[in-house]
Amino acid sequence: MGKKVVIIGGVAGGASCAARLRRLDETAEIVMLERGEYVSYANCGLPYHVSDVISERDALLLQTPESLRERFNIDVRIMNEALSIDREKKAVEIKNHNTGEKYRESYDYLVIATGSSPLRPPIRGIDSPLIRTLWTVPDTDEIRRIVKSGIRTAAVIGGGFIGLEMAENLREAGLEVTLIEALEQVMAPLDFEMASILHENIRDNGVVLRLGDGVDSFTDEGDRVKINLKSGDGVTAELVILSIGVRPNSGLAKEAGLGINERGGIIVDDMMRTSDSAIYAVGDVIEVKDIVSGEPAMIPLAGPANKQGRIAADNIAGFEERYTGTQGSAVAKVFDLTAASTGQNEKTLKKRGLKKGTDYETVTISQNSHAGYYPGATPMMLKLIFTADGEKILGAQIVGTDGVDKRIDTIGVALRLGAGVKDLKNLELAYAPPYSSAKDPVNMAGFTAENVIKGLLKMAEWNEPETNREAIRIDVREEEEVAAYAIPGAKNIPLGSLRERVGELDKSGEYIIFCAIGVRAYNALRILRQNGIEKVKLFPGGARFYRSLHSERAEQEPLPELPISGYEAGGADKDSGGEKGSAAGAGGAEMKPQEREVRKICVNCSGLQCPGPIMEVFKNIKDMREGDILEVTSTDIGFAKDIVSWCRRTGNELVSNERRGSSFIACIRKGALPETEACPIEEAGSKNNGKTIIVFDGDMDKVLASFVIANGALAMGRPVTMFFTFWGLTALRKESKVPLKKNAVEKMFGAMLPRGSRKLKLSKMNMGGMGTMMMRKIMDDKNIDSLEDMMKNAMEAGVKIIACSMSMDVMGIRKEELIDGVEIGGVGTYLGDAEESNVNLFI
Ligand code: FAD
């Protein structure tokens, strides 16, 4: 028999140590003690079992004592708790909770992998059985039982990743959830402004978020608990989840006289040895070296625990291995978003006394998860923190929907390998449109950081618009964008007219530039700088980020009551055209809304992507009467925001706008304005707010983009003219051949040009037709209207489609070959409408 190794703790660090040791040493005697009932289970998956997202309990149990015994010849003893360590005699005193018996087990090497436990501070009333922590499988069973007993309310105390995961899963289970956090933000590894994006989404998901308010005491009220907050407010819930942090389970080590830090972490060397060379310690219970600061830290995460277990096993088995430190890479799903971080955040750097500008710098950018023209691209905010000279990356944080994990890991690897911002810029990352952009967000962070270092760009602090009263806010977005969401107090100078209007700005003034996400603002900043305006900064993340930062303010505005008869809240099933009430049936004399029953129409747009839902709103409301209600259900996250500005712009009233589960439900009351003004398809030029689009290209993606814009503009009630010329004409051809007399050149054109929209190809990645097919399939899967549907909708809704007579002549295309509803016109027809429009696009 070889050496005898006793491991205390049988989950992440303990189990990985035991398995590795067996692979290295067949002769070792391995005893694994676990005080609970389960070994090697997926504690990170527990929150998802509460809501049945992981419905199979067994899926969480990765190994059983029997499987560890059979596969690894490990003597696994569950329900056996180590009570004390006798270092002199190299023995552990153990209690078997199955039999009540106490016994001793000797060791050559001991591994302490006792993990940590959730904090339960001595707050008055905390012993109520309705106040639970989630840490083990039995904890999960108990919480699930309570959730399934028919309760309706829950409160989560603590906005760390476990608290957030619990809030999400309790919501998923159908409960009303309040999340209470003593700090001003959730997710402490993020800086405040990055966490604000989460705040907005958490609220959007129907969770009541109480930030900056701690628990004073609890009052047991029988089948519920009242949480008395320090502010004096109270929150009552039938279940309370306490998730306010952890403490290391280091009592055994402390009593045995091993070196412990002031936070209770066992001090180990880089081979995972404690102050006693026969005793190793791994996982949540130890102090680690933070690789960014080089300082000791407590970072309880599963990845480091598993790696440390492996390293301890290597060293015990005689294969020298060293732990290089922890950087705290973490990722969490928070409702619709993913939040991730690596390295140190700015708060920590400030606490360490480092100064922005001299010691470190930051850049914050907004980038899409993949090429914007490929369906499904979603934005992410990325904050990069680096030394002021750019030589070292200190940390990064990303919040977004897709592709967050891959970017944080890329930056995490760069950080661990000691890279600087130049390295991020130079990284050659795999690219194809469904996955990334030719300049990946990580590259973009590198470019932007380099611009800051070279002095080409200055970024404003997230709160600078409020803290710097001298700075003038300039918004370089188009007028239409500003109408949907305006930056308070900003002067609007669209980027396209900035060069001409630069004279309006005082050269000695201070400016903060906004656009939608930060790209146009950078161009604007460069224009201003090169026109002698020096004190100019870019607002990172643009209007979208600004809106997230101020989401609380917007949400506090109460929604109006609904004082009308005939309206029933809820019931969002498809009921298109259904009517409630009867008084003014079709054909009846028009009555004022207060004199007749109000009709309600329910439209279910679930699964429709932008601009689908807003188009449906437009289509339906057009034929409704003043005061009638349209209830729209959508699963598109952007719809809840779009409908607010749409109603404001079109004179309709947004009566309610809420989220139920994964659906967004908006109730709109048809406005009092006359039909033509309330939701008008105005004649081009009636208010000079028409849109014209020249469709020159015959690529499928470009034609698609044209119709998306056209339909979107139409939904805003704007008149649209589309002028198809040269290759764009092919989209308007009929699919079948029309027998016509043509000359040789015309025949050649006719044969070679695609016949209709279905024959169009992607401008890039067509791959012999595969790419186009894939694009159509994905659009179909994602419930995005096909190009043909978009064309049909646009024409039905009144988009004016003009085929250029001159191009038709040149290419030998005849009127008979074009689909119905197309007008033939010359450039004059187009120019007439263009003059009366405020957006003219060439695609
Ligand atoms: P543990 O895995 O906790 O194992 C310690 C074991 O020791 C326990 O089973 C305990 O019963 C046993 N023990 C303690 N004292 C004794 C004793 N005296 N005698 C016998 N046995 C004893 N980390 C991530 O990186 N990502 C995540 O998404 C994530 N999600 C999480 C979700 C939840 C709900 C929880 C609870 C944790 C999560 N973590 C996550 C943290 C991660 O699980 C821990 O960092 C990791 O498990 C630590 O491993 P460990 O071996 O140190 O301790």
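Conventions and cut-offs
- Residues numbered from 1 in each chain as written.
- Predicted model: local features only at pLDDT ≥ 70, side-chain atom pairs only at ≥ 80, totals over all residues.
- Heavy atoms only, no water.
- Core = buried A, V, L, I, M, F, W, Y, C linked by side-chain atoms within 4.5 Å.
- Buried < 20%, exposed > 50% of the residue type's maximum accessible area, 1.4 Å probe, protein only.
- Helix = DSSP H or I, 4+ residues; strand = E, 2+ residues; numbered from the N terminus.
- 1 Å grid on protein atoms, 1.4 Å probe; cavity = no way out; pocket = protein on both sides within 12 Å on 5 of 7 lines; lining within 4 Å.
- Points joined across faces, edges and corners; volume = space filled by probe spheres on them.
- Nonpolar A, V, L, I, M, F, W, Y, C, P; charged D, E, K, R; others polar.
- Pairing = 2+ DSSP bridges.
- Axes fitted to C-alpha atoms, helices over the stretch in contact; angles between N-to-C directions.
- Left-handed = near helix turned anticlockwise from the far one by under 90°.
- Contact = heavy atoms within 4.5 Å.
- Near = heavy atom within 4 Å.
- Polar contact = N/O pair within 3.5 Å; in protein donor to acceptor, adjacent residues only side chain to side chain.
- Expected span 1.5 Å × (residues − 1).

S.K.: Even after reading the chapter, I still don't get the nonpolar core, so can you show me in this structure?
M.R.: Across soluble globular proteins, you tend to see nonpolar side chains buried next to one another. Among the nonpolar cores identified, the biggest contains 56 residues, and Leu 630, Ile 643, Trp 646, Ile 668, Phe 707, Met 722 and Phe 724 are the most heavily contacted of them. Sort the elements by how many residues they give to this core and helix α22 (residues 700-715) lands first, with 8 residues. Judged by nonpolar contacts, the second largest core, of 52 residues, contains Val 11, Leu 190, Val 207 and Leu 549.

S.K.: Sorry, what's going on with empty space enclosed by the protein here?
M.R.: Any empty space left between the atoms is revealed when a probe the size of a water molecule rolls over them. Applying the stated criterion across every chain yields a total of 3 cavities of 30 Å³ or more. Reported here for the largest cavity is a volume of approximately 90 Å³. What lines the largest cavity is Tyr 373, Tyr 374, Pro 433, Asp 701, Leu 762, Lys 764, Met 765, Met 767, Gly 771, Met 774 and Met 775. Grouping the amino acids of the lining of the largest cavity by side-chain chemistry returns 8 nonpolar, 1 polar and 2 charged.

S.K.: Help me out: how do you make sense of the sheet that holds strand β32 (residues 653-660) in this one?
M.R.: Where strands meet in a sheet, backbone hydrogen bonds hold them as pairs that are either parallel or antiparallel. In spatial order, the strands read β30-β31-β33-β32; together these 4 strands make up an open sheet with mixed pairing. Edge positions in the open sheet fall to β30 (600-604) and β32, since each of these has one partner strand only. With strand direction ignored, the average angle separating the axes of adjacent strands in the sheet is 15°. Sheet analysis places β32 next to strand β33 (residues 663-669), joined by 7 bridges and oriented antiparallel. The residue bridging Leu 654 from the neighbouring strand is Ile 668, located in β33.

S.K.: Hey, could you run me through the packing of helix α1 (residues 12-24) against helix α8 (residues 302-316) in this one?
M.R.: For any two helices packed against each other, the geometry comes down to the angle between their axes and how far apart the axes lie. Here α1 crosses α8 at 35°, and the two axes come no closer than 7 Å. Between α1 and α8 lies a crossing of right-handed hand. On α8, the residues touching Ala 12, Gly 13, Ser 16, Cys 17, Arg 20, Leu 21 and Leu 24 of α1 are Ala 305, Asn 306, Gly 309, Arg 310, Ala 312, Ala 313, Asp 314 and Ile 316.

S.K.: Teacher, can you tell me more about the site of the ligand here?
M.R.: Taken together, 28 residues surround the ligand, and among them Gly 13, Glu 34, Cys 44, Asp 284 and Ala 302 come closest. Between an oxygen atom of the ligand and a main-chain N or O atom of Ala 113, the distance comes to 3.5 Å. At the level of secondary structure, the elements contributing two or more residues to the shell around the ligand comprise α1, β2 (29-34), β4 (80-86), α5 (161-172) and α8. Sorting elements by how many residues they give to the shell around the ligand places β4 first, with 3 residues. Broken down by class, the residue content of the shell around the ligand amounts to 17 nonpolar, 7 polar and 4 charged.

S.K.: What's the story with α5 in this structure? I'm lost.
M.R.: If you check α5, its first and last C-alpha atoms are 16 Å apart, about what 12 residues at 1.5 Å a residue would give, namely 16 Å. Restricting attention to buried positions, one finds in α5 the residues Gly 163, Leu 164, Glu 165, Met 166, Ala 167, Glu 168, Asn 169 and Leu 170. Backbone geometry just downstream of α5 places Gly 174 in the positive-phi region, at approximately 95°.

S.K.: Before we go on, may I ask you to explain the pairing of strand β31 (residues 629-634) in this structure?
M.R.: A regular strand carries its side chains on alternate faces of the sheet. Counting buried positions along β31 yields 6 of 6 residues, so the element is predominantly enclosed. In β31, alternate side chains face the same way, and those of Ile 629, Glu 631 and Thr 633 on one face and Leu 630, Val 632 and Ser 634 on the other are all buried. Relative to β31, β30 is paired through 5 bridges, and the arrangement is parallel. Its bridge partner lying in β31, Cys 602 is registered against Glu 631. Looking at chain direction, β31 and β33 are connected through 6 bridges and run antiparallel. The partner of Ile 629 across the bridge, within β33, is Arg 669.

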